[in-house]
Amino acid sequence: MYKIKLVLFIGMCLITNLSIKAQSQLLDSIKNNSSEKRIMKNISYFSDVYGPRLLGTPKYNKSVLYAQQVLSENGVSTRLESFDKGYRGWDFSSFKVQMTTPNYSSIIAYPLAFTKSTKSAQEGELVFIDKIQDAYDLKGKLKGKIIMFKSLYYPVKSIEQQMSIRLSDEDLNKATANTDPNDVRIGYHSRISIPTLFENRENYKNKITEFFKYLEQQEVIATVEPSDYPYNILHVDGNRALPSFRLKTDYKPLASFVISNEHFGRLLRLQNLNLSPKLKVELTSTYYNEPLYNRNLIAEIPGSDPVLKNELVIIGAHLDSWHSGTGAVDNAASCAMLMEAMIILKKINPKPKRTIRLVLWGGEEQVFAGSEFYVNEHVGDMKTGEPKNEKPKISAYLNLDNGAGKIRGIYLMGNKKIEPYFAEYLQPFPTSNTLTIQNANQTDHWLFDYHNIPAFQFIQDPLDYISAIHHTNADLYEYVPKEDQEFNADLVAYLSLKIANEKELLPRKPCQYIKPNKIGNTTFQLIGFKNAKKVSLVGNFNNWDMFGLPMYKTADGWKTKIDLPKGKYFYKFIVDENWTNDPKTPENELAKDGKGHGGLTVIYVE
Ligand SMILES: [Zn+2]
């Protein structure tokens with residue numbers, strides 16, 4: 001008996017030692033085949049040569065073709081998938097903003113995307129408005145004026161904390177200890193659902209379209225809004241006063257600029273001193289309607305197992321960028337790192353069982369244009385939830401889009417079952433093995449997660465990403481931390497290979513429904529709220545998932561049924577984005593789950 005045990009024990013040690021040896025050999029060969037020089041060269045091409053890369057522009061298209069060429073030269077097979085969903089491109093060839101009165105000053109400025117050329121260099125007096133109605137009240141008095149969005153102005157001041165940070169052990173431990181996916185302990189995350197995000201954006205655009213049509217009728221020259229970053233950094237995308245007018249059928253708004261917060265402050269102070277400052281503005285911009293400029297690049301290392309090769313491990317990053325920097329950090333560096341991961345895998349030829357696929361997305365900045373197309377086409381319909389052919393075949397999707405800092409771990413997106421897998425895979429990376437149950441959204445993996453594909457975003461050292469770089473004119477090659485790039489590429493190559501060779505598909509979250517479900521052992525009902533547009537159910541059974549489980553309308557309210565195993569559960573409703581307790585439960589019986597959720601109803605399933 002003892003003897004057998006001993007033999008077994010020695011046998012186990014041998015296997016473990018062998019697998020540790022094989023593991024470190026694999027990692028060594030990954031490290032020996034990756035090249036920092038190649039990554040940095042590709043980042044330079046994407047940013048210095050082809051940047052900025054707004055979707056639908058010739059520059060974006062050239063950057064796609066460049067990526068394709070680099071991958072092909074290294075033996076990785078590629079294809080392009082175009083999505084002509086009516087997106088348009090936009091670029092400028094020149095612009096200038098100057099203060100001409102009471103003194104001359106060059107103004108630090110950038111035009112907002114998708115805005116029209118001015119007729120010529122035009123000078124005008126400034127009209128500061130607090131709200132849209134102010135401009136409507138000035139009907140007939142706005143000709144030749146420049147509208148200044150004062151309501152968006154909050155004076156910036158010196159940043160007193162460190163501008164660029166790496167995550168400390170304390171930060172990472174806090175993230176590890178988290179038990180609630182919606183508790184933001186690290187990075188950023190919103191609770192809004194994807195369908196609502198799409199809907200809000202459209203509603204806002206409709207409102208603002210009317211306003212810009214009015215300004216044009218009134219012969220306003222241009223609009224100006226302040227940046228919300230300090231140190232003359234311009235935060236310019238399409239998301240503040242002016243949402244993206246990204247579709248061919250969208251209105252073309254008049255020339256609109258973001259200027260530095262400090263310059264906006266100076267103009268406002270001069271106006272308040274009754275010195276009537278004037279600006280002279282000029283913009284020459286172009287719209288593109290070329291369907292082929294809207295596309296995703298797909299690259300593959302084919303699987304070697306006769307059956308499992310039909311399954312996929314997908315890694316992805318968006319190649320497009322906003323237009324004021326060169327999009328080096330957001331997100332050329334991630335693309336170059338993931339391309340490097342594919343090149344390494346091609347070079348070491350490890351014959352993964354499953355196919356490893358890289359997708360470089362177009363139009364993430366246009367609210368996930370490229371990944372929305374891909375997911376609708378191959379994974380599942382974003383409106384009805386109807387599954388498509390790849391849904392049961394994707395083991396995991398890994399996304400890189402949190403700046404260019406070192407990978408420190410993974411956001412598990414509420415998927416507790418995945419933890420032991422990643423804990424094992426990341427063993428050789430002791431500085432990068434933090435796993436947090438926390439959700440991370442607002443980028444392309446979100447749409448895969450919506451269909452309950454195990455989809456993840458990496459935890460990365462933020463450096464100065466949020467303080468200075470994200471969607472600003474400072475998003476330049478200089479802020480890519482060279483020392484982190486090769487490490488990240490090695491880690492992703494190793495991790496994708498591990499997932500590709502896993503015995504089974506990685507586990508999905510136990511419970512996530514995206515369609516009203518009319519079968520199940522437990523009925524949830526919300527009485528009333530007949531005018532609500534959308535009601536969903538959230539609870540500990542779906543990890544307080546921000547989408548909730550959609551409920552369907554009945555004669556007296558809202559209802560859904562789900563299957564729950566035996567146990568104690570807490571729940572709440574989301575009524576048109578408002579977290580709402582069940583009015584059936586008396587106030588004094590409402591519970592807390594001890595993890596930050598209150599106003600809950602308790603149920604027992606037996
Ligand atoms: Zn990004």
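By convention here, each chain's residues receive numbers from 1 onward along its written sequence. Where local features are concerned, this predicted model is filtered to residues with pLDDT of at least 70; where side-chain atom pairs are given and counted, the filter is 80 or more; whole-chain, interface and lining totals use all residues. The basis for every side-chain value is the complete set of non-hydrogen atoms in the structure, without hydrogens or water.

Chemist: Quick question: what am I supposed to make of the overall build of the protein here?
Modeler: Helix and strand counts for the protein stand at 13 helices and 24 strands. Scaling as 2.2 N^0.38, a compact globule of 606 residues should have a C-alpha radius of gyration of about 25 Å, and the protein matches this with 26 Å. Here the C-alpha coordinates of the protein stretch approximately 95 × 65 × 45 Å along the principal axes. The rule is simple: take the accessible area with a 1.4 Å probe, protein chains only, and divide by the maximum for that residue type; under 20% is buried, over 50% is exposed, in between is partly exposed. When burial is assessed residue by residue, the protein has 56% of its 606 residues classed as buried. Long-range pairs, those at least 24 residues apart, make up 82% of the contacts in the protein between residues at least 6 apart in sequence. Computed by Shrake-Rupley with a 1.4 Å probe, the accessible areas treat only the displayed protein chains as cover when residues are assessed. In the structure as shown, the protein presents an accessible area of about 25,900 Å², 51% of it carried by carbon and sulfur atoms. Neither His nor the chain termini are counted; the positive set is Lys and Arg, and the negative set is Asp and Glu. By convention, charge coordinates are those of NZ in Lys, CZ in Arg, CG in Asp, or CD in Glu. Side-chain charges of the protein comprise 74 positive and 68 negative groups, with the mean position of each set lying 3 Å from the other. Starting at the N terminus, helices and strands are each numbered in turn, a helix being any DSSP run of H or I of at least four residues and a strand any DSSP run of E of at least two. Throughout, radius of gyration means the C-alpha value; the globule benchmark is 2.2 Å times the number of residues raised to the power 0.38. Two residues form a contact once any of their heavy atoms are found within 4.5 Å.

Chemist: What is the right way to read the pairing of strand β22 (residues 567-575) from this model?
Modeler: A regular strand places its side chains on the two faces of the sheet in alternate fashion. Burial of β22 is extensive: seven of the nine residues sit out of reach of the surface. Relative to β22, strand β18 (residues 535-539) is paired through five bridges, and the arrangement is antiparallel. The partner of leucine 537 across the bridge, within β22, is phenylalanine 573. We call two strands paired when DSSP finds no fewer than two bridges between them. In the sheet, β22 pairs with strand β24 (residues 601-605) via five bridges, with the strands oriented antiparallel. Bridge pairing in β24 places phenylalanine 570 opposite valine 602. Bridge count between β22 and strand β23 (residues 578-580): three bridges; the pairing is antiparallel. Bridge assignment links phenylalanine 573 to a residue of β23, and that residue is threonine 580. The loop that links β22 with its antiparallel partner β23 comprises two residues; one of these, aspartate 576, has a positive phi angle of about 45 degrees.

Chemist: Is there a simple way to explain the packing of helix α3 (residues 58-73) against helix α8 (residues 328-348) in this structure?
Modeler: How two helices sit against one another is set out by the angle between their axes and by the gap between those axes. Every angle, taken between N-to-C directions, lies between 0 and 180 degrees, and every axis is a line fitted to C-alpha atoms, over only the stretch in contact when it is a helix. The contact between α3 and α8 brings their axes to 10 Å, and the two run at 20 degrees. By the angle between their directions, the pair α3 and α8 is classed as roughly parallel. The interaxial crossing formed by α3 with α8 has right-handed handedness. On the side of α3, the interface is formed by Ala67, Val70 and Leu71, while α8 contributes Met339, Met342 and Ile343. Relative orientations are named as follows: roughly parallel for angles under 35 degrees, roughly antiparallel for angles over 145 degrees, roughly perpendicular for angles from 65 to 115 degrees, and oblique for any other angle. Helix crossings fall into two classes, left-handed where the near helix is turned counterclockwise from the far one by less than a right angle and right-handed where it is turned clockwise.

Chemist: Explain the domain arrangement of the protein to me, please; I cannot follow it from the model alone.
Modeler: Accessible area lost upon the coming together of the parts serves often as the stated size of an interface. Boundaries of every domain are those given by an automatic assignment or by a domain database. Taken as a whole, the protein is organised into domain 1 (34-87 + 291-500), domain 2 (90-156 + 163-288) and domain 3 (522-605). Taking only C-alpha atoms into account, the centre of domain 1 sits 29 Å from that of domain 2. Summing both sides of the interface, domain 1 and domain 2 together bury roughly 4,300 Å²; the carbon and sulfur share of this comes to 57%. In what follows, salt bridge is the name for a side-chain nitrogen of Lys or Arg lying within 4 Å of a carboxyl oxygen of Asp or Glu. Lysine 59 is the partner of aspartate 91 in a salt bridge, and the nearest nitrogen-oxygen pair spans 3.0 Å. Note: buried area is the sum, over both parts, of the accessible area (probe 1.4 Å) each one loses when the two are combined.

Chemist: I tried to follow the coordination of the zinc ion on my own but got confused; where do I start?
Modeler: Each pair of donors in an ideal four-coordinate tetrahedral metal site encloses 109.5 degrees, whereas pairs in an ideal six-coordinate octahedral site enclose 90 or 180 degrees. Shown as donors are all N, O and S atoms within 2.8 Å of a metal ion, widened to 3.2 Å for Na, K and Ca; because water is not in the atom set, sites may appear incomplete. Within the first shell, the zinc ion binds the protein through His318 (NE2), Asp330 (OD) and Asp401 (OD), at distances of 1.9 to 2.2 Å. When the donor residues of the zinc ion are listed from N- to C-terminus, their spacing reads H-x11-D-x70-D. Of the two residues, histidine 318 is situated in strand β11 (residues 312-318) and aspartate 330 in helix α8; the sequence distance between them amounts to 12 residues. For the pair histidine 318 and aspartate 330, one class covers both residues: buried.

Chemist: What is the right way to look at the environment of serine 93 in this model?
Modeler: Note that serine 93 resides in strand β2 (residues 89-101). Looking at serine 93, the relative accessible area reads 59%, which means it is exposed. With 24 residues separating them along the chain, serine 93 and serine 117 place their C-alpha atoms 10.0 Å apart.

Chemist: Could you clarify how one ought to interpret the packing of aromatic side chains in this entry?
Modeler: The description of an aromatic ring pair rests on the distance of the ring centres and on the angle between the ring planes. Between 30 and 60 degrees the pair is tilted, below 30 it is stacked and above 60 it is edge-to-face, where a pair is any two Phe, Tyr or Trp rings, Trp via its six-membered ring, whose centres lie within 6.5 Å. Inspection of the entire model under this criterion finds 30 aromatic pairs. Ring centres 5.8 Å apart and planes at 85 degrees place the aromatic pair phenylalanine 128 and phenylalanine 264 in the edge-to-face group. A residue pair is termed long-range when its members are at least 10 positions apart, and phenylalanine 128 in strand β5 (residues 122-129) and phenylalanine 264 in helix α7 (residues 261-272) qualify at 136 residues. Here the two residues phenylalanine 128 and phenylalanine 264 agree in accessibility, since each one is buried. The interplanar angle of 65 degrees and the centroid separation of 5.5 Å between the aromatic rings of tyrosine 571 and phenylalanine 573 together place this pair among those described as edge-to-face. For the pair shown, tyrosine 571 and phenylalanine 573 are each scored as buried. By the ring-pair criterion, three or more aromatic residues cluster together here, those being Trp90, Phe92, Phe95, Tyr110 and Phe114. Geometrically, a lysine NZ or arginine CZ counts as sitting over a ring once it is within 6 Å of the ring centre and also within 35 degrees of the ring normal. A cation over an aromatic ring shows up here: lysine 252 above the ring of tyrosine 287, its NZ or CZ 4.7 Å from the ring centre.

Chemist: Quick question: what am I supposed to make of unusual backbone geometry here?
Modeler: Note: most residues except glycine have negative phi, and most peptide bonds are trans. With omega at -10 degrees, the peptide bond leading from glycine 51 into proline 52 counts as cis. Mapping proline 52 onto the fold places it in the loop between α2 (36-49) and α3. Along the chain, aspartate 330 connects to asparagine 331 via a cis peptide bond; the corresponding omega equals 20 degrees. Even without glycine at this site, leucine 463 takes up a positive phi of about 50 degrees. Tracing the backbone shows leucine 463 in the loop between β16 (455-460) and α12 (465-469).

Chemist: For this particular structure, what's the right way to read the nonpolar core?
Modeler: Looking at soluble globular proteins, one finds that nonpolar side chains tend to be buried together. Formed by 85 residues in total, the largest nonpolar core has its most connected members in Phe422 and Leu495. Here this core takes 15 residues from α8, the largest share from any one element. Residues contacting leucine 495, with those up to four places away along its chain left out, are Leu398, Ile410, Phe422, Tyr425, Leu426 and Phe458. In this description, a nonpolar core means a group of buried Ala, Val, Leu, Ile, Met, Phe, Trp, Tyr and Cys residues linked to one another through side-chain atoms lying within 4.5 Å. Core analysis: the second largest hydrophobic core is formed by 49 residues, Leu112, Val127, Ala135 and Val281 among them.

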